[in-house]
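Examination of the molecular architecture
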2 protein chains.
Amino acid sequence: MNPKYEELMEHVEKTEALKAAIVLFDWDTETLAPPQAAELTARMIGSLSAQYFDATVNGRMRELLAALKDAEDLSEAQAAVVRKLNKDRENMEKIPPEEYREFSELQARSTSVWARAKQNDDFESFVPVLKKIVDFSRRFAGYRRKEGQSLYDTMLDDYEEGFTKEVLDSFFLLLKEKIVPLLKKVAQKNDTIDVSPLRQSFDIGRQEAFCRFLAGYVGFDFERGVLAESEHPFTTNLHNHDVRITNHYYENAPENAIFSVIHESGHGIYEMNVSDDLTQTPVGGGASCGMHESQSRLMENMIGRSQAFWEPVYPKLQETFPEQLAGLSLSDFCKMINKAQPGLIRTEADELTYCLHVMIRYEIEKDLIDGDLRVEDLPAAWSQKYEEYLGVKPQNDREGVLQDIHWSQGSIGYFPSYALGNAFAAQIYHAMEQEIDVDGALRSGDLTPVTDWLKEKVHRFGGMRRTKQLLRDISGEDFNPRYYIDYLTKKFTEIYEL
Amino acid sequence: MNPKYEELMEHVEKTEALKAAIVLFDWDTETLAPPQAAELTARMIGSLSAQYFDATVNGRMRELLAALKDAEDLSEAQAAVVRKLNKDRENMEKIPPEEYREFSELQARSTSVWARAKQNDDFESFVPVLKKIVDFSRRFAGYRRKEGQSLYDTMLDDYEEGFTKEVLDSFFLLLKEKIVPLLKKVAQKNDTIDVSPLRQSFDIGRQEAFCRFLAGYVGFDFERGVLAESEHPFTTNLHNHDVRITNHYYENAPENAIFSVIHESGHGIYEMNVSDDLTQTPVGGGASCGMHESQSRLMENMIGRSQAFWEPVYPKLQETFPEQLAGLSLSDFCKMINKAQPGLIRTEADELTYCLHVMIRYEIEKDLIDGDLRVEDLPAAWSQKYEEYLGVKPQNDREGVLQDIHWSQGSIGYFPSYALGNAFAAQIYHAMEQEIDVDGALRSGDLTPVTDWLKEKVHRFGGMRRTKQLLRDISGEDFNPRYYIDYLTKKFTEIYEL
């Protein structure tokens, strides 16, 4: 092995351990830590982040990375590690350490401020924190942006390399042109699907047990993973042998937890399948946010909302809730879980309206970062856009601007990846269907062919190969949102018999 | 503030954050982490420990600590921090960093090896790990010991400053002289207490709920604390606003979980009551292992096993388990929870036999470290001593030498603190009874006078004052095991009407 690379790995071991510690603190804060712990714990996370920063930007790291940048004796994985570290380091070096540290401390505290604000429907209490987050984000993007790059493009690039406002503007335009008319047709026939059977009372304990079964069924390995509860479902991991997902349960809407757990399992399986020689390195995670989201949405929607998937599984759900579901047929159930109906909550949105939720956040983020919108005015802007695009209006900020955790975590520029993820998923799913009998696998009750294919084509590469390359290798072409449009059009035309 | 002390605090913030991360990883490993995570997580803990080591023994820390050693402008808390750090640093500096790191990695892995070995009753699979732990412990003590100090005394001093083999030998001798004859008398009348009502089936879910209530009742604050489940109950903390206890439940022995949770709450309350200016510093924990144990045992035994305590609480327990307990009187219940009966499991032992369990471990540890006993021969030595002192013989290693987690964590020299803790508790309890009406408080159902007194006399000082000083300040005299002997004699003479 290249001796400089070997030395680099000694540093990486330290930074990866610090990163894992921060991940664990975050997980713990979201799932378990006592209410009053946040303030003092934030100090510790702040210190660990500062140590992570120091360990990443120290002089010896810089020398090693510079020397390794064009080394020709590196494996593909090693070259990817060097590339990733160089990018991270360049980004971090531009940020003054005190500011980075201050921001990390803020981040550690802000999610609990957000959680309380959401609980109390008190947007005002979140305003000072969110203002600081926006300020930091703008300032950091200002330090880091390339010549001529806009602040928001700088942020977008963190989550999805090469996907700019320009790309996204045209992507969302296409969705508006094709999906909005489709949604209108669907809306006219919406009364044909009555979801009231799913609005009965479904015992939370049984929901939990069924969701645990579902996670395992789609391939989440409990020998290497954990399922817990949190306000907002999420996935995190310490390495490929410790992957954690959370879920959230509603008594009168079991499909919520069901599709959340399939969604998070999709993320989780990705992390579990990253190959052993990549885990615990800087390219041990997924290729990008959008690629990660493609794996969760593919599992949740293309797989999880198909009738073929439910053929072997629905009887088990009926057994779990005999009183509520014994009289409900499989095909009616499948219509219900695919009902397209404009609503207020992104994570509960159907496939058809989902991208509009994301579009609203995208437009708001752009305005927030470009300085056209003040934090104080967010609730009004939110309401106005929901009314305009989806025809619904939040009655309070809990179901409005406070619904998502992302901004409180300092993640601005992340949301668009959710829409891209859906489009990637459709492109990948189309390729998969050319190669294996997906429906046959689902009907047989054994998803291994599907998860094996995903592992082979996507998961095992972790962050070693870029999203654009993976898409090209899988589908033989660049990112093409047409697959997504076609998928939605075909699916909802059939369901609603348009 | 002394500017050197201020600079020292910047270093301390780093080391405390690293320590907290290690604590959190340990907690997570014991309570939640997936089965296959241990190996890769151990690497991370190893790296964090190495970073902790580096941050503690670096040159600037040494300079600052040397300069501050005799500084006269430090507060009592500041001086205690400097003293503690100097002691830790001196101990650590003597250990070669690679060995320290190797040991930390071993520690991180070894508890899960132990847990599996215990589960499978497979001592042999634990032997190689335990051998390494013993080797490391001996080697480290060899590096660290003072002129003429024995290896085992060096280890004892880590947990209980100033308590040597000499002190412990005479302490255990006194117990043997006084308690063994008392136990013999008790044993003759043992049939008078029938605990079969507690051997019925007690629903685990209800046990959990009642134990949660009990923890809060004795003063554990769930705003600043967490109760979870693990193989062996324990207490840990990140700071005084995040204290964590665990419990373990047995269907046919509810008193086990009940007294474990009171015990761990005693530890937890101690940590919660450490004053805010000490938390997140090196003296933010308790004064010593024995002092910590005194707080858990005082709560568990002196308080928790008294009839006065159960007067207001027993009706609630009867309500929780009406089928099992409706016909059982308070006084009979109180006799059952105080039944003295030689058994195999330390954590389930009654007050009278408890110290004999500790004595066995003490004798074994001495032999193990002095080289008179090989790891392979532990099960035999264990059996022989249990038969000799307690008249019982383990049928397997699960209920024998594999029962305790301590050695797998690398804690050798810790066990004696359990016996000392009981003796400290009796000395402190005696002083408390001189100053407040303890029984009155217990009968009233409000334990605040008790916990306030403990906070005032013990808890708030954290690790700032030494155990010996605390004992002197509280009782006006040095450590005196007579209080413990008198307490046990009076209590069991009454219960068994001797």
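Rules of the game
- Residues numbered from 1 in each chain as written.
- Chains lettered and ligands numbered in written order.
- Predicted model: local features only at pLDDT ≥ 70, side-chain atom pairs only at ≥ 80, totals over all residues.
- Heavy atoms only, no water.
- Helix = DSSP H or I, 4+ residues; strand = E, 2+ residues; numbered from the N terminus.
- Buried < 20%, exposed > 50% of the residue type's maximum accessible area, 1.4 Å probe, protein only.
- Contact = heavy atoms within 4.5 Å.
- Areas by Shrake-Rupley, 256 points an atom, 1.4 Å probe, with all protein chains shown as cover.
- Lys, Arg positive; Asp, Glu negative; His and termini not counted.
- Charge placed at Lys NZ, Arg CZ, Asp CG, Glu CD.
- Pairing = 2+ DSSP bridges.
- Axes fitted to C-alpha atoms, helices over the stretch in contact; angles between N-to-C directions.
- Phe/Tyr/Trp six-rings, centres within 6.5 Å; stacked < 30°, edge-to-face > 60°.
- Lys NZ or Arg CZ within 6 Å of the ring centre and 35° of its normal.
- Salt bridge = Lys/Arg side-chain N within 4 Å of Asp/Glu carboxyl O.
- Buried area = accessible area lost by both parts, 1.4 Å probe.
- Core = buried A, V, L, I, M, F, W, Y, C linked by side-chain atoms within 4.5 Å.
- pLDDT = per-residue confidence, 0-100.
- Least-squares fit on C-alpha atoms with pLDDT ≥ 70 in both.
- Parallel < 35°, antiparallel > 145°, perpendicular 65-115°, else oblique.
- Left-handed = near helix turned anticlockwise from the far one by under 90°.
- Nonpolar A, V, L, I, M, F, W, Y, C, P; charged D, E, K, R; others polar.
- Expected span 1.5 Å × (residues − 1).

Regarding the overall build of chain A
- Across its full length, chain A carries 21 helices and three strands.
- Reported as C-alpha extents along the three principal axes, the dimensions of chain A are approximately 70 × 50 × 45 Å.
- Within chain A, the fraction of its 498 residues that count as buried is 60%.
- Restricting the contact set of chain A to residue pairs at least 6 apart, pairs at least 24 apart contribute 75%.
- If you sum the accessible surface of chain A, you get close to 19500 Å²; carbon and sulfur atoms cover 45% of it.
- In chain A, which carries 57 positive and 84 negative side-chain charges, the distance between the mean positions of the two groups comes to 3 Å.

Considering the sheet that holds strand β3 (residues 242-247) of chain A
All names here are of chain A.
- Pairing is mixed across the open sheet formed by three strands, whose spatial order is β1-β3-β2. Edge strands, defined here as strands with exactly one partner in the open sheet, are β1 (225-229) and β2 (235-239). On average, each strand axis in the sheet is inclined to that of its neighbour by 20°, with strand direction left out of account.
- For β1 and β3, the ladder comprises five bridges, and the chain directions are parallel. Each residue of the ladder has a partner; that of Leu227, found in β3, is Ile245.

Regarding the packing of aromatic side chains
- Taken as a whole, this structure holds 56 aromatic pairs over all chains when the rule is applied.
- Arranged with centres 5.9 Å apart and planes meeting at 85°, the rings of A:Trp407 and A:Phe415 form a pair that is edge-to-face.
- Aromatic pair B:Phe210 and B:Phe213: ring centres 5.7 Å apart, planes at 45°, arrangement tilted. A residue pair is termed a helical-turn pair when its members lie 3 or 4 positions apart in one helix, as B:Phe210 and B:Phe213 do in helix α9 (residues 204-217) at three residues.
- B:Phe210 gets classed as buried once you look at its relative accessible area, which sits at 3%.
- Under the relative-accessibility criterion, B:Phe213 is labelled partly exposed at 27%.
- An aromatic cluster of three or more residues is present, and its members are A:Phe210, A:Phe213, A:Tyr217, A:Phe259, A:Phe309, A:Trp310, A:Tyr314 and A:Phe333.
- For the cation-ring pair, A:Arg305 lies above A:Phe259, with the distance from its terminal atom to the ring centre recorded as 3.9 Å.
- Here the guanidinium or amino end of B:Arg244 rests over the ring plane of B:Trp27, the centre of that ring lying 5.3 Å away.

Describing the environment of B:Glu10
- Relative to the assigned elements, B:Glu10 resides in helix α1 (residues 3-31).
- Along the backbone, B:Glu10 and B:Ile405 are 395 residues apart, and their C-alpha atoms lie at a distance of 34 Å.

Some remarks on the pattern of salt bridges
- Here the structure, examined in full by the defined rule, presents 77 salt bridges over all chains.
- As a salt-bridge pair, B:Glu456 and B:Arg460 come within 3.3 Å of each other at their nearest N and O atoms.
- Under the relative-accessibility criterion, B:Glu456 is labelled partly exposed at 44%.
- Among the charged side chains, a salt-bridge network with shared partners connects A:Lys87, A:Asp157, A:Glu161 and A:Arg466.

A closer look at the interface of chain A and chain B
- Taken together, the 39 residues of chain A in the interface contact 39 residues of chain B.
- Of the roughly 3400 Å² buried at the junction of chain A and chain B (both faces included), carbon and sulfur atoms supply 62%.
- In this assembly, chain A and chain B are joined by four salt bridges.
- A salt bridge links B:Arg244 to A:Asp28; the shortest N-O distance between them is 2.4 Å.

With respect to the nonpolar core
- By size, the foremost hydrophobic cluster in this structure holds 341 residues, and its most contacted members are A:Phe309, A:Trp310, B:Phe309 and B:Trp310.
- Setting aside residues up to four positions removed in sequence, A:Trp310 forms contacts with A:Phe210, A:Ile258, A:Phe259, A:Gly304, A:Arg305, A:Pro315, A:Leu317, A:Leu330, A:Phe333, A:Cys334 and A:Ile337.

A few points about the confidence of the model for chain A
- This prediction gives chain A a mean pLDDT of 95; 100% of its residues lie at or above 70.
- If you check the scores for this complex, the pTM reads 0.88 and the ipTM reads 0.87.

Description of the relation of the copies chain A and chain B
- Between chain A and chain B, the superposition needs a rotation of 180° and an axial shift of 0.0 Å, giving an RMSD of 0.0 Å. Expressed as an axis order, the relation between the two copies is that of a two-fold axis. Considering only C-alpha atoms, the part of chain A nearest the rotation axis is A:Ala21, at 2.9 Å.
- When you check the interface residues of chain A against chain B, 100% turn up at the interface there too, and the contact is symmetric in its surfaces.

A few points about the side chain of B:Asp242
- Inspection of the secondary structure assignment puts B:Asp242 in strand β3 (residues 242-247).
- By relative accessible area, which is 1% here, B:Asp242 ends up buried.
- Ignoring anything within four residues of it in the chain, the contact list for B:Asp242 reads A:Ala33, A:Pro34, A:Ala37, A:Thr41, B:Arg224 and B:Asn237.

Some details on the packing of helix α17 (residues 416-435) of chain A against helix α20 (residues 467-475) of chain A
Residue and element names in this part refer to chain A.
- The geometry of α17 relative to α20 is characterised by a closest axis approach of 9 Å and an angle of 30° between their N-to-C directions. With respect to each other, α17 and α20 are oriented roughly parallel. The element α17 and its partner α20 pack so that their crossing is left-handed. Between α17 and α20, the contacting residues are Phe424, Gln427, Ile428 and Ala431 on the first element and Thr467, Leu471, Ile474 and Ser475 on the second.
- Tallied by class, residues from the contact of α17 with α20 come to five nonpolar, three polar and no charged.

Some details on helix α17 (residues 416-435) of chain B
- If you check α17(B), its first and last C-alpha atoms are 29 Å apart, about what 20 residues at 1.5 Å a residue would give, namely 28 Å.
- Taking burial as the measure, the 20 residues of α17(B) include 16 buried ones, the bulk of the element.

Points about the sheet that holds β3(B)
Residues and elements named next belong to chain B.
- Spatially, β1-β3-β2 is the arrangement adopted by the three strands of the open sheet, whose pairing is mixed. The open sheet has two edge strands, β1 (225-229) and β2 (235-239), and neither has a second partner. Across the sheet, the mean angle from the axis of one strand to that of its neighbour is 20°, orientation sign disregarded.
- Bridge count for β2 against β3 is four bridges, and the pairing is antiparallel. The residue bridging Thr235 from the neighbouring strand is Ile245, located in β3.

Some details on helix α16 (residues 378-390) of chain B
Residues and elements named next belong to chain B.
- For α16, spanning 13 residues, the distance from its first C-alpha to its last is 17 Å, which sits close to the expected 18 Å at 1.5 Å a residue.
- Buried residues of α16: Leu378, Pro379, Ala381, Trp382, Ser383, Lys385, Tyr386 and Leu390, and no others.
- The elements touched by buried residues of α16 are α6 (123-144) and α15 (351-370).
- One or two steps after α16, the chain reaches Gly391, where phi turns positive at roughly 70°.

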